[in-house]
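# An overview of the molecular structure
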Amino acid sequence: MHIEQKTFIAVKPDGVRRGLVGEIISRFERKGYKLIAMKMLDVTREQAAKHYEEHKGKPFYERLIEYIQSGPIVAMVWKGYNVIEGARQLMGVTNPLDAQVGTIRADFALVKEYNVIHGSDSPESAEREIAIYFSPDELCDEYENMAEIVIEKLDE
Ligand code: UDP
Ligand code: MG
């Protein structure tokens, strides 16, 4: 079955500061995912609280809210076949020490508190998180990327 999904990806403030935006975008592009929205922004307290509401009350919560607001993030929406799970694979697991070598977190981060990238973990989270950072008219959902054009041509 063809599963075309959207997911919310953010380069967190440490990733931006360290100049990893291009590297991260490049990995998603090379994989074959399609960028349909992107902006740099300072996360507000309200956005941070909504984004991480599932973690409220956990020992790392306050520091997490501080971290995500410690500098601008680059917020993005990526589209593609099974992109939610695929993006999580590219990212690696939360703790860079447990992440597979070759993943973004294993390759570029030392500790789970500063792990460079966020990605939605389910279709429900993706929809919810995209809505925190983007309005529907900000999603460039219509254009065709090269892969889609090629596939269409082959079908003709
Ligand atoms: N986090 C942390 N300490 C922990 C667990 C998580 O600082 O023990 C932070 C970390 O930045 C992580 C974020 O909280 O990316 C959200 O946690 P989650 O378990 O949702 O991990 P993710 O989905 O980002 O892999
Ligand atoms: Mg999560």
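Attention in this report is confined to the structure presented alongside it. For every chain, the first residue of its written sequence is number 1, and the numbers climb from 1 along that sequence. Chains and ligands are labelled sequentially in the order written, the chains with letters from A and the ligands with numbers from 1. Confidence filtering applies because this is a predicted model: local features only for residues at pLDDT of at least 70, side-chain atom pairs given and counted only at 80 or more, and all residues used for totals across whole chains, interfaces and linings. Working from all heavy atoms in the structure, the side-chain values ignore hydrogens and water.

## Here's the deal with the overall build of the protein
Counting its secondary structure elements, the protein contains 8 helices and 4 strands. The helix count covers DSSP runs of H or I at least four residues long, the strand count covers runs of E at least two residues long, and both are numbered beginning at the N terminus. Element order for the protein, N to C, with α for helix and β for strand: β-α-α-β-α-α-β-α-α-β-α-α. Since a compact globule built from 156 residues should have a radius of gyration of about 15 Å, the 16 Å found for the protein is in line with a globular shape. C-alpha atoms of the protein, sized along the principal axes, occupy 55 × 35 × 30 Å. Counting the 156 residues in the protein, one finds 46% classified as buried. Of the contacts formed within the protein by residues at least 6 apart in sequence, a portion of 78% connects residues at least 24 apart. Throughout, radius of gyration means the C-alpha value; the globule benchmark is 2.2 Å times the number of residues raised to the power 0.38. Only protein chains enter the accessibility calculation, which uses a 1.4 Å probe; a residue is then buried when its area is under 20% of its type maximum, exposed when over 50%, and partly exposed in between. Whether two residues are in contact is decided by their heavy atoms: any pair within 4.5 Å suffices.

## Digging into the sheet that holds strand E1 (residues 4-11)
Here 4 strands make up an open sheet; going across it, the order is E2-E3-E1-E4 and the pairing antiparallel. On the outer flanks of this sheet lie strand E2 (34-41) and strand E4 (117-119), each paired with one strand and no other. Neighbour to neighbour, the strand axes of the sheet diverge by 20° on average, direction disregarded. Two elements, E2 and strand E3 (residues 73-81), share 7 bridges in a ladder whose sense is antiparallel. Within the sheet, the bridge partner assigned to Leu41 lies in E3 and is Ile73. Strands pair, by our definition, only if DSSP identifies at least two bridges between them. Axis angles are defined between N-to-C directions and span 0 to 180 degrees, where every axis is a line fitted to C-alpha atoms and, for a helix, only to the segment in contact.

## Structural notes on the side chain of Ser122
Here Ser122 lies in the loop between E4 and helix H7 (123-133). In the analysis that follows, any N or O atom pair within 3.5 Å is treated as a polar contact, provided that within protein one partner can donate a hydrogen and the other can accept it, and provided that, for residues neighboring in sequence, both atoms belong to side chains. There is a polar contact of 3.4 Å between the side chain of Ser122 and the side chain of Asp121. A polar contact of 2.8 Å, which involves the side chain of Ser122, links it to the side chain of Ser125.

## A look at the pattern of salt bridges
By definition, a salt bridge exists where a carboxyl oxygen of Asp or Glu is found within 4 Å of a side-chain nitrogen of Lys or Arg. By the definition in use, this model includes 11 salt bridges. A salt bridge links Glu23 to Arg27, with the shortest nitrogen-to-oxygen separation between them at 2.8 Å. With Glu23 and Arg27 both in helix H2 (residues 21-31) and 4 residues apart, this pair spans about one turn of that helix. Judged by relative accessible area, which is 30%, Glu23 ranks as partly exposed. Here Glu113 and Lys112 are joined by a salt bridge, their closest N and O atoms 3.5 Å apart. Taken together, the shared-partner salt bridges connect Glu4, Lys6, Lys79 and Asp141 into one network.

## Description of the packing of aromatic side chains
For this analysis, a ring pair means two rings from Phe, Tyr or Trp (six-membered ring only for Trp) whose centres lie within 6.5 Å, classed as stacked if their planes differ by under 30 degrees, edge-to-face if by over 60, and tilted for the remaining angles. Under the criterion given, the structure shown has 4 aromatic pairs. Here the aromatic rings of Phe28 and Tyr33 are separated by 6.2 Å at their centres, their planes lie at 50°, and the arrangement is tilted. For Phe28, a relative accessible area of 0% puts it in the buried group. Aromatic side chains Tyr67 and Tyr114 sit 5.1 Å apart centroid to centroid with 75° between the ring planes, which places their arrangement in the edge-to-face category. You can see Tyr67 sitting in helix H4 (residues 61-68) and its partner Tyr114 sitting in the loop between helix H6 (104-108) and E4, a full 47 residues away along the chain. Residue class for Tyr67 comes out buried when judged on its relative accessible area of 6%. Taking the relative accessible area as the measure of exposure, Tyr114 reaches 44% and is therefore partly exposed. Within the aromatic cluster, the residues linked to one another by ring pairs are Phe28, Tyr33 and Trp78. The ring of Tyr143 is capped by Lys34, whose NZ or CZ atom sits 4.9 Å from the centre of that ring. The rule is short: NZ of Lys or CZ of Arg within 6 Å of the ring centre and within 35 degrees of the ring normal puts a charge over the ring.

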